[in-house]
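The lines below spell out each chain.
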Amino acid sequence: MKKIISKVQAAINKYQMIKPKDCIAVALSGGKDSIILLWALNQIKSFYPADFKIKAITLDSCFYGHPADYSKITEFCKNLGIEHIIKRYPIWKIVFEERKEKNPCSLCSRMRHGILHKICIENNCNTIALGHNMDDAVETFFMNLFNGGKISVFSPVSYLSRQGLNMIRPLIFCKETEIYSFLVRNNFPVCKSLCPMDKSSSRESIKILIKNLEISYPKLREKIIHGIKTLNLNNW
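None of these values were measured; they are calculated from a predicted model.

S.K.: Go over the overall build of the protein, please, and point to the residues and values.
M.R.: Along the backbone of the protein there are nine helices and six strands. Taken against the 2.2 N^0.38 rule, which gives 18 Å for 236 residues, the C-alpha radius of gyration of the protein at 18 Å falls within 12% of a compact globule. Projecting the C-alpha coordinates of the protein onto the three principal axes gives extents of approximately 50 × 45 × 40 Å. Across the 236 residues of the protein, 49% fall into the buried class. Looking at the protein alone, contacts between residues at least 24 apart form 75% of all its contacts between residues at least 6 apart. Per element, the accessible surface of the protein, about 12600 Å² overall, is 53% carbon and sulfur.

S.K.: Account for the sheet that holds strand 4 (residues 127-129), naming residues and giving values.
M.R.: If you trace the six strands from one edge of the open sheet to the other, you get 3-2-1-4-6-5, paired in mixed fashion. Pairing within the sheet leaves two strands with one partner each, and these edge strands are strand 3 (83-88) and strand 5 (157-160). Adjacent strand axes in the sheet meet at a mean angle of 25° when their direction is disregarded. By the bridge criterion, three bridges tie strand 4 to strand 6 (residues 165-168) in an arrangement that is parallel. Residue pairing for strand 6: Ile128 is matched across the bridge by Met167.

S.K.: Residue-level account of the packing of aromatic side chains, with values.
M.R.: The full count for this structure, using the stated rule, is eight aromatic pairs. Look at Tyr15 and Phe173: their rings are 6.2 Å apart centre to centre, the planes differ by 50°, and that puts the pair in the tilted class. One end of the pair, Tyr15, is in the loop between helix 1 (2-14) and strand 1 (22-27); the other, Phe173, is in the loop between strand 6 and helix 7 (176-186), and 158 residues separate them in sequence. Each member of the pair Tyr15 and Phe173 is classed as buried. Judged by centre distance (4.9 Å) and plane angle (45°), the rings of Trp39 and Phe182 are tilted.

S.K.: Go over the environment of Lys229 with me, naming the residues and quoting the values.
M.R.: Tracing the chain through its elements places Lys229 in helix 9 (residues 220-231). The contacts of Lys229, once residues within four sequence positions are left out, are Phe173 and Trp236.

S.K.: Hey, could you go over helix 1 for me, with residue numbers and the actual values?
M.R.: For an α-helix, the turn length of 3.6 residues means that residues three or four places apart are oriented alike. Compared with an ideal rise of 1.5 Å per residue, which puts 13 residues at 18 Å, helix 1 spans 18 Å between its outermost C-alpha atoms and is within 8% of the ideal. Among the residues making up helix 1, those that are buried are Ile4, Ile5, Val8, Ala11 and Ile12. End-on view of helix 1: buried residues confined to an arc of 130°, all on one side of the axis. Summarising the geometry of helix 1, the exposed residues directed more than 90 degrees from the buried face are Lys2 and Lys3.

What counts and what doesn't
- Residues numbered from 1 in each chain as written.
- Predicted model: local features only at pLDDT ≥ 70, side-chain atom pairs only at ≥ 80, totals over all residues.
- Heavy atoms only, no water.
- Helix = DSSP H or I, 4+ residues; strand = E, 2+ residues; numbered from the N terminus.
- Rg over C-alpha atoms; globule rule 2.2 N^0.38 Å.
- Buried < 20%, exposed > 50% of the residue type's maximum accessible area, 1.4 Å probe, protein only.
- Contact = heavy atoms within 4.5 Å.
- Areas by Shrake-Rupley, 256 points an atom, 1.4 Å probe, with all protein chains shown as cover.
- Pairing = 2+ DSSP bridges.
- Axes fitted to C-alpha atoms, helices over the stretch in contact; angles between N-to-C directions.
- Phe/Tyr/Trp six-rings, centres within 6.5 Å; stacked < 30°, edge-to-face > 60°.
- Expected span 1.5 Å × (residues − 1).
- Arc of directions from axis to C-beta.

See the structure below:
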């Protein structure tokens, strides 16, 4: 528990992610990262010097035309004393049935982010917290390099000027293995992804590549993150 909390707090402090009176919307997909993020922020809230509020926002893409069951997630939020807001939108129908996208992940991601930003504004949140971890950052680095020829990665903190929202990623110092281990030990609830592209996207291919590379190059993830910090890519 202390490891997760300390790493999240380190990211918050280093990048000044939270300001007094912030109302933070945690993008709660129901997966392991967003659940741990919500829990960690709630723990930090009890002793953090700046007072802030937390709301949990879930966007249901209604895969295969049916609403997902988030009852266990709602109960988890209730036990933490956090409001859980669920919005349902037919993203699956638009992307897979109407548009029949050959590469659906890009459009789906853009739509999800746009809708999430709108929900934040409707619920008076000035900050949105995403559950991207260290592994996500390294995978994004490789994807941008291999697919776009760019040395780039997402920022720990961004300001979305059109929406007037801050975007923060407090899990960026946490490894995926640490998050998963903590989740299992504490029996936190998760919702399995119903996305037909789950485990078959280009990100999954990059994940496998990195895992294989680490056989020859131990601690490759940590080395990539160190390089990103050294170059101060995207304000790291």
